[in-house]
Amino acid sequence: MLRTRELGHVRVLGPGDRDSFVALAEQDPVVNVFADYRARLTNLDERWLGGQVWGRFEDDELVAGCHLGANLVPVQCTPADVGAFADAALRRRNSVGTIVGPSDVVAALWDLVEPRWAKPREVRARQPHLQMDRLPEMPGDPCVRVTTPADLEVLYPACVAMYTEEVGVSPENDAGGGDLYRARIRQLIGRGWSMASFDEAGVVFKAEVACATPYAAQVQGVWVRPDRRGEGLAVAGMASVVSHVLGTRMAPVVSLYVNEWNEPARATYARVGFEQTATFATMMF
């Protein structure tokens, strides 16, 4: 256990801390949907986390947390809290692919660790975090449906194209990356979290639910095939995704975050009915 005069007790959390950590995440359950989902899925067992979750305590009360895996995600941290997790983050910096969370908290953490961390490949400093909790007013695209395992071979190339376009590198670049990414897409299909429409040339529109809790479902991977862009397909497609999540009671809120400069996407989400509730930042390595 680490101990500082200003920041209290800091230690790795385990299965015995699961309920306390979930309660912490539930203080802002939409913003913290990723960490909340991971805690419920893994029971904070490092074997399943593929990393660690750290917590900061004041008088035995968990007051802030940090998910440290491929994604470094602060949970209910203020900019003043992140110093508690700087040393732990630096010890795992070689395994962290992204730092993501509320923009002011990410900026404060980076100020502390930058001298000893590799230069980020890209920084997206002000990403609108959006959410909605009502059915869209416009009709969805009737061609958008939940995908099945039979769709995998057609869907997978579209997922690779989306990821490469969005992140700037292919998910197949690393050794074994293609197999791992294909397994992830297969997992999302199996959970009923992948939705798409198709034509004779392949996928037209697609999106996935990345994580879901009793409070929120976070959408990722929204993509329209380049030759079909400009037809309004993203608006109708996202209306279908939101209607499915809310209509099936997967979660009562749908959320996502979007790049500040992506004006077409921001306009699409606004038309569907999403509203900004926070500002995120993402650093990619």
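Each chain has its residues counted from 1, running along the sequence as written. Reporting of local features is limited, given that this is a predicted model, to residues whose pLDDT is at least 70; pairs of side-chain atoms are given and counted only at 80 or more, and all residues count toward the totals for whole chains, interfaces and linings. Values shown for side chains rest on all heavy atoms present in the structure; no hydrogens or waters enter the calculation.

## Focus: the domain arrangement of the protein chain
Okay, step 1: In this entry, domain limits derive from an automatic or database-based domain assignment. The domain boundaries assigned to the protein chain delineate domain 1 (9–118) and domain 2 (145–279).
Okay, step 2: Centre-to-centre, using C-alpha coordinates, domain 1 lies 26 Å away from domain 2.
Okay, step 3: By convention, the term buried area covers the 1.4 Å-probe accessible surface removed from two parts as they join, with the contributions of both added. Summed over both partners, the interface of domain 1 with domain 2 comes to about 1,100 Å²; 69% of that surface belongs to carbon and sulfur atoms.
Okay, step 4: When the buried area of domain 1 at its contact with domain 2 is split by residue, Val30, Val33 and Tyr37 rank highest and sum to 50% of it.
Okay, step 5: We define a salt bridge as a side-chain nitrogen of Lys or Arg found within 4 Å of a carboxyl oxygen belonging to Asp or Glu. One can count zero salt bridges joining domain 1 with domain 2.
Okay, step 6: Within 3.5 Å is the distance limit for a polar contact, defined as a pair of N or O atoms, with the added protein rule that one can donate a hydrogen and the other accept it, and that residues adjacent in sequence qualify only through two side-chain atoms. Across the contact surface, domain 1 and domain 2 share three residue pairs in polar contact (both at pLDDT 80 or more).
Okay, step 7: For the side of domain 1 that touches domain 2, the elements supplying multiple residues, two or more each, are helix H2 (33–42) and strand S6 (98–102).
Okay, step 8: Sorting elements by how many residues they give to the side of domain 1 that touches domain 2 places H2 first, with six residues.
Okay, step 9: Any residue outside Ala, Val, Leu, Ile, Met, Phe, Trp, Tyr, Cys, Pro, Asp, Glu, Lys and Arg is labelled polar, Gly included; the first ten of those are nonpolar and the last four are charged. Looking at the side of domain 1 that touches domain 2, its residues break down into nine nonpolar, two polar and three charged. Put simply, DSSP H or I for four residues or longer makes a helix, DSSP E for two residues or longer makes a strand, and each gets a number counted from the N terminus.

## Some points on the pairing of S6
Okay, step 1: Counting buried residues in S6 gives four out of five residues, a clear majority hidden from the surface.
Okay, step 2: Paired strands are those between which DSSP finds at least two bridges. For strand S5 (residues 71–75) and S6, the ladder comprises two bridges, and the chain directions are parallel. Along S6, the bridge assignment pairs Asn71 with Thr98.
Okay, step 3: Seen with its strands pointing away from the viewer, a crossover is right-handed when the path leading from the first strand over the helix to the second is clockwise. In this fold, the crossover linking S5 to S6 by way of helix H4 (residues 86–91) has right-handed handedness.
Okay, step 4: Note: S6 against strand S13 (residues 275–284), five bridges, orientation antiparallel. Its bridge partner lying in S13, Gly101 is registered against Ala281. When accessible area is computed with a 1.4 Å probe and restricted to protein chains, residues below 20% of their type maximum are described as buried, those above 50% as exposed, and intermediate ones as partly exposed.

## Brief notes about the nonpolar core
Okay, step 1: Ile185, Met238, Leu256, Tyr269 and Phe274 are the most contacted members of the largest nonpolar core, which totals 50 residues.
Okay, step 2: Summarising the domain contributions, this core has at least three residues from each of domain 1 (9–118) and domain 2 (145–279).
Okay, step 3: Dropping the residues within four chain positions of it, Leu256 is found in contact with Pro128, His129, Leu130, Gln218, Val219, Met238, Tyr269 and Phe274.
Okay, step 4: By size, the runner-up hydrophobic cluster in this structure holds 25 residues, among which are Leu68, Val82, Ala88 and Val113. Only buried residues count toward a nonpolar core. Its members are Ala, Val, Leu, Ile, Met, Phe, Trp, Tyr and Cys residues joined through side-chain atoms within 4.5 Å. Should any heavy atoms of two residues lie within 4.5 Å, those residues are counted as being in contact.

## Re the environment of Asp81
Okay, step 1: Inspection of the secondary structure puts Asp81 in the loop between S5 and H4.
Okay, step 2: Classification of Asp81 as buried rests on a relative accessible area of 7%.
Okay, step 3: Sequence-wise, Asp81 and Ala108 are 27 residues apart; in three dimensions their C-alpha atoms are separated by 9.1 Å.
Okay, step 4: When neighbours within four sequence positions are excluded, Asp81 is seen to be in contact with Arg56, Ala64 and Gln76.

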